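# Understanding the architecture of this molecule
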Amino acid sequence: GNSVTQMEGPVTLSEEAFLTINCTYTATGYPSLFWYVQYPGEGLQLLLKATKADDKGSNKGFEATYRKETTSFHLEKGSVQVSDSAVYFCALSRGSQGNLIFGKGTKLSVKP
Amino acid sequence: EAGVVQSPRYKIIEKKQPVAFWCNPISGHNTLYWYRQNLGQGPELLIRYENEEAVDDSQLPKDRFSAERLKGVDSTLKIQPAELGDSAVYLCASAQGDTGELFFGEGSRLTVL
């Protein structure tokens, strides 16, 4: 079946550190891939997405590249800020069905 | 533009009691989702509506859960009777088209004692 596996958290970093959150997927066909973020006290919101192999999604300094050969969609940011503290969810969607399948989430805490 | 609105934000009930959650999606969004998020887990789909039609309810425990979306706008999710294992956050989301971009509400946190 379709599934998403992301690295266990929590992840604690100092401000300006480099961030990587690993995400791998299992899916039939060619899914679209997403990163959603949940800031404290807020609802989930889309951070970035990629719809085909080798696409790079980017937003707010975060990037992720759709790697079909390794079935991965790792999230990266070169210099994190305290305001990036949140829970990050990797997700996939199988085309027109539109249903998102989420990973378990990775909590990021950034210390000043 | 108003986001997805859910109520109540928090609900504490005893097991075997009924509970209902309400969702008002973003205006014009024809697709509405109910997800359940257990502690430390990602959201899991319960039901998806296209307008007023439930097009995917395969993960909805139909013995105790029910949902409706009257007139293709607001939606209600009901649990009757609630069990201890139903304690979770119930998320409503809406979308327009099939881009995969869902807009989530803040969720309704249910505690069953």
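Let me sum up the structure you'll find in this document. Small disclaimer: the values here were computed from a predicted structure and weren't measured. (Residues numbered from 1 in each chain as written. Chains lettered and ligands numbered in written order. Predicted model: local features only at pLDDT ≥ 70, side-chain atom pairs only at ≥ 80, totals over all residues. Heavy atoms only, no water.)

## Overview of the overall build of chain A
Counted only if it meets this: Helix and strand assignments come from DSSP, with helices taken as H or I runs of at least 4 residues and strands as E runs of at least 2, each series counted from the N terminus. Radius of gyration here is computed from C-alpha atoms only, and the compact-globule reference equals 2.2 Å multiplied by the residue count raised to the power 0.38. The buried label goes to any residue with under 20% of its type's maximum accessible area, the exposed label to any with over 50%, and the partly exposed label to all in between, with areas taken from a 1.4 Å probe on protein chains only. Any two residues having at least one pair of non-hydrogen atoms within 4.5 Å are treated as being in contact. Each accessible area is a Shrake-Rupley result for a 1.4 Å probe, and residues are judged covered by the shown protein chains and nothing else. Under this rule, positive means Lys or Arg and negative means Asp or Glu; His and the chain ends count for nothing. Note on charges: their place is set at NZ of Lys, CZ of Arg, CG of Asp or CD of Glu.
The secondary structure content of chain A amounts to zero helices and twelve strands. Listed N to C, the secondary structure of chain A is β-β-β-β-β-β-β-β-β-β-β-β in terms of helices and strands. Relative to its length of 112 residues, chain A is compact, with a C-alpha radius of gyration of 13 Å against a globular reference of 13 Å. Across its three principal directions, the C-alpha atoms of chain A cover 45 × 25 × 20 Å. Counting across all 112 residues of chain A, residues that qualify as buried make up 46%. By sequence separation, contacts in chain A at least 24 residues apart represent 55% of the contacts at least 6 residues apart. As presented, chain A carries roughly 5300 Å² of accessible surface, and 47% of it is formed by carbon and sulfur atoms. In chain A, the 11 positive side-chain charges and the 10 negative ones have mean positions that sit 7 Å from each other.

## Digging into the pattern of salt bridges
Cut-off, in case you're wondering: Salt bridges, as used here, are contacts in which a Lys or Arg side-chain nitrogen is within 4 Å of a carboxyl oxygen on Asp or Glu.
Under the definition given, this model contains nine salt bridges over all chains. Linking A:Lys52 and A:Asp55 is a salt bridge whose minimum nitrogen-to-oxygen distance equals 3.4 Å. Here A:Asp55 falls in the partly exposed class, since its relative accessible area comes to 22%. B:Glu106 is the salt-bridge partner of B:Arg9, the closest N and O atoms lying 2.7 Å from each other. Of this pair, B:Arg9 sits in the loop between β1 (5–7) and β2 (10–13) while B:Glu106 is found in the loop between β10 (103–104) and β11 (108–112), placing the two residues 97 residues apart along the sequence. Taking the relative accessible area as the measure of exposure, B:Glu106 reaches 41% and is therefore partly exposed. One network of salt bridges, in which partners are shared, links B:Arg36, B:Arg64, B:Glu83 and B:Asp86.

## Section: the interface of chain B and chain A
Note on interface size: it is often stated as the accessible area lost on association of the parts. Our working definition: Buried area: the sum, over both parts, of the accessible surface (1.4 Å probe) that disappears when the two are put together. In protein, a polar contact requires one atom able to donate a hydrogen and another able to accept it; more generally it is a pair of N or O atoms within 3.5 Å, and residues adjacent in sequence count only if both atoms are side-chain atoms. Any residue outside Ala, Val, Leu, Ile, Met, Phe, Trp, Tyr, Cys, Pro, Asp, Glu, Lys and Arg is labelled polar, Gly included; the first ten of those are nonpolar and the last four are charged.
On the side of chain A, 18 residues touch chain B, which itself brings 19 residues to the contact. Taking both partners together, chain B and chain A bury about 1500 Å²; carbon and sulfur atoms supply 48% of that area. There are zero salt bridges connecting chain B and chain A. Between chain B and chain A we count four residue pairs in polar contact (both at pLDDT 80 or more) in total. Counting residues per element, the ones that place at least two in the side of chain B that touches chain A are β4 (31–37) and β5 (44–50) of chain B. A total of three residues in the side of chain B that touches chain A trace back to one element, the largest contributor, which is β4(B). A per-class count over the side of chain B that touches chain A returns seven nonpolar, seven polar and five charged.

## Comments concerning the side chain of B:Ser108
Secondary-structure assignment places B:Ser108 in strand β11. Within the structure, B:Ser108 has its side chain in polar contact with the backbone oxygen of B:Pro8 (distance 2.6 Å).

## Some points on the sheet that holds β1(B)
Residues and elements named next belong to chain B. Spelled out, the test is: The pairing criterion is simple: DSSP has to find at least two bridges between the two strands. Lines fitted to the C-alpha atoms define the axes, with helices restricted to the stretch that makes contact. Angles between their N-to-C directions range from 0 to 180 degrees.
Here four strands make up an open sheet; going across it, the order is β1-β3-β8-β7 and the pairing antiparallel. Only two strands of the sheet have a single partner each, and these edge strands are β1 and β7 (65–68). Adjacent strand axes in the sheet meet at a mean angle of 15°, parallel and antiparallel pairs treated alike.

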